[in-house]
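Understanding the architecture of this molecule
Here is what each chain is made of, one letter per residue.
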Amino acid sequence: MKATGIVRRIDDLGRVVIPKEIRKTLRIREGDPLEIFTDKEGEVILKKYSPIGELGDFALQYAESLYKTSGHITCITDKDTVIAVSGASKKEFLEKHLSKELERVMEEKNTIIVKANEDRYVPIIADDTGERKYSSQVISPIIAEGDPIGTVIFLSTDPNAQMGDLEAKLAQSAAGFLGRQMEQ
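The shown structure was predicted, so the numbers you read here are calculated from the model rather than taken from an experiment.

Conventions adopted
- Residues numbered from 1 in each chain as written.
- Predicted model: local features only at pLDDT ≥ 70, side-chain atom pairs only at ≥ 80, totals over all residues.
- Heavy atoms only, no water.
- Core = buried A, V, L, I, M, F, W, Y, C linked by side-chain atoms within 4.5 Å.
- Buried < 20%, exposed > 50% of the residue type's maximum accessible area, 1.4 Å probe, protein only.
- Helix = DSSP H or I, 4+ residues; strand = E, 2+ residues; numbered from the N terminus.
- Polar contact = N/O pair within 3.5 Å; in protein donor to acceptor, adjacent residues only side chain to side chain.
- Contact = heavy atoms within 4.5 Å.
- Axes fitted to C-alpha atoms, helices over the stretch in contact; angles between N-to-C directions.
- Parallel < 35°, antiparallel > 145°, perpendicular 65-115°, else oblique.
- Left-handed = near helix turned anticlockwise from the far one by under 90°.
- Phe/Tyr/Trp six-rings, centres within 6.5 Å; stacked < 30°, edge-to-face > 60°.
- Pairing = 2+ DSSP bridges.
- Expected span 1.5 Å × (residues − 1).
- Arc of directions from axis to C-beta.
- Salt bridge = Lys/Arg side-chain N within 4 Å of Asp/Glu carboxyl O.
- pLDDT = per-residue confidence, 0-100.
- Patch = residues over 30% accessible without salt bridge, like charges linked within 9 Å, V, L, I, M, F, W, Y side chains within 5 Å.
- Areas by Shrake-Rupley, 256 points an atom, 1.4 Å probe, with all protein chains shown as cover.
- Lys, Arg positive; Asp, Glu negative; His and termini not counted.
- Charge placed at Lys NZ, Arg CZ, Asp CG, Glu CD.

**A closer look at the nonpolar core**
Judged by nonpolar contacts, the single largest core of 22 residues is most densely connected at Ile76, Val138, Ile142, Val152 and Leu178. Among the elements that take part in this core, helix H5 (residues 165-183) stands out by supplying six residues, more than any other. Ile73, Leu102, Met106 and Val122 belong to the second-largest nonpolar core, a separate cluster that totals 19 residues.

**Observations regarding the side chain of Thr74**
Positionally, Thr74 belongs in strand S3 (residues 73-77). Under the relative-accessibility criterion, Thr74 is labelled buried at 0%. Among the polar contacts made by the side chain of Thr74, one reaches the main-chain amide nitrogen of Tyr67 at a distance of 3.5 Å. Setting aside its immediate chain neighbours within four residues, Thr74 contacts Ala63, Leu66, Tyr67, Ala84, Val85, Ser86, Ile153 and Phe154.

**Some points on the packing of helix H2 (residues 56-70) against H5**
Running from amino to carboxyl end, H2 crosses H5 at an angle of 165°, the nearest separation of the two axes being 12 Å. Here H2 lies roughly antiparallel to H5, going by the angle between them. As for the relative orientation of H2 and H5, their crossing is right-handed in sense. The segment H2 lies against H5, with Phe58, Tyr62, Leu66, Thr69 and Ser70 engaging Leu170, Ser173, Ala174, Phe177 and Leu178.

**Details of the packing of aromatic side chains**
As enumerated under the stated definition, the model contains four aromatic pairs in all. One aromatic cluster is present, built from ring pairs that chain together Phe58, Tyr62 and Phe177.

**Some points on the pairing of strand S2 (residues 44-48)**
Both strand S1 (residues 34-38) and S2 contribute to a ladder of five bridges, which runs antiparallel. Note on S2: the bridge partner recorded for Glu35 is Lys47.

**Topic: H2**
Its 15 residues give H2 an end-to-end C-alpha distance of 21 Å, which sits within 8% of 21 Å, the value for a rise of 1.5 Å per residue. All buried positions along H2 are accounted for by Ala59, Tyr62, Ala63, Leu66 and Ser70. One side of H2 holds all its buried residues, which, seen down the axis, span an arc of 105°. Of the residues in H2, the exposed ones pointing more than 90 degrees away from the buried face are Asp57, Gln61 and Lys68. The secondary structure elements touched by the buried residues of H2 are S3, strand S4 (82-86), strand S7 (147-156) and H5.

**A look at the pattern of salt bridges**
Any two side chains of opposite charge can pair if their charged atoms end up close together. On inspection of all chains with the given rule, the structure shows five salt bridges. The closest approach of N and O atoms between Arg15 and Asp11, which form a salt bridge, is 2.8 Å. By relative accessible area, which is 28% here, Asp11 ends up partly exposed. Linked by salt bridges that have partners in common, Arg29, Asp80 and Glu103 make up one network.

**Some details on the confidence of the model for the protein**
Detailed reading of predicted coordinates is not advised where the pLDDT is low. Considering every residue of the protein, the mean pLDDT works out to 88; 97% of them sit at 70 or more. Within the protein, S3 carries the highest mean pLDDT (96), whereas S2 carries the lowest (82).

**Quick word on a positive patch on the surface**
On the surface, Lys20, Arg23, Lys24, Lys100 and Arg104 cluster together to form a positively charged patch. Listed by contribution, the elements that provide at least two residues to the positive patch are helix H1 (20-25) and helix H4 (100-108). Counting residues per element, the positive patch draws most heavily on H1, at three residues. Relative to the helices and strands, Arg23 resides in helix H1. By relative accessible area, which is 31% here, Arg23 ends up partly exposed.

Structure (structure tokens):
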């Protein structure tokens, strides 16, 4: 555990303010759920809660199935990080923070298709260098109880790959299924 040197007091209602610098660094926004853990030494640990992250193994199996079906790199994300990837290096994606552009697509709640010959491109992870790594993309938000909680993403490095309605419907179907799983 890393010390920050910041000390906060508990108020009369049992609340503690998490400093703005820490919230910004950890990408914690107002309204984000936090999970509370304790350990044997009496430490209290706050962790950003990811409902879709609870589907860890299932999400990985689903990503693998989607990859085998579509032939395209498949990623499943929660609101902040990539939680499952198939068809590409796990080091490149897994547990990496999402780009602001991808977060924007998720918040808009619309499936998008980026074809090989289009100028627009959505970086997937935050530390993307800005160069276009994928020729085609399909991004479909996972919606649970009206709120975006993640995405299903298909990516292709093949400049001849033509993603279209079929891939969009497959991504939408997967996103819809995952969203319904979270509502149960």
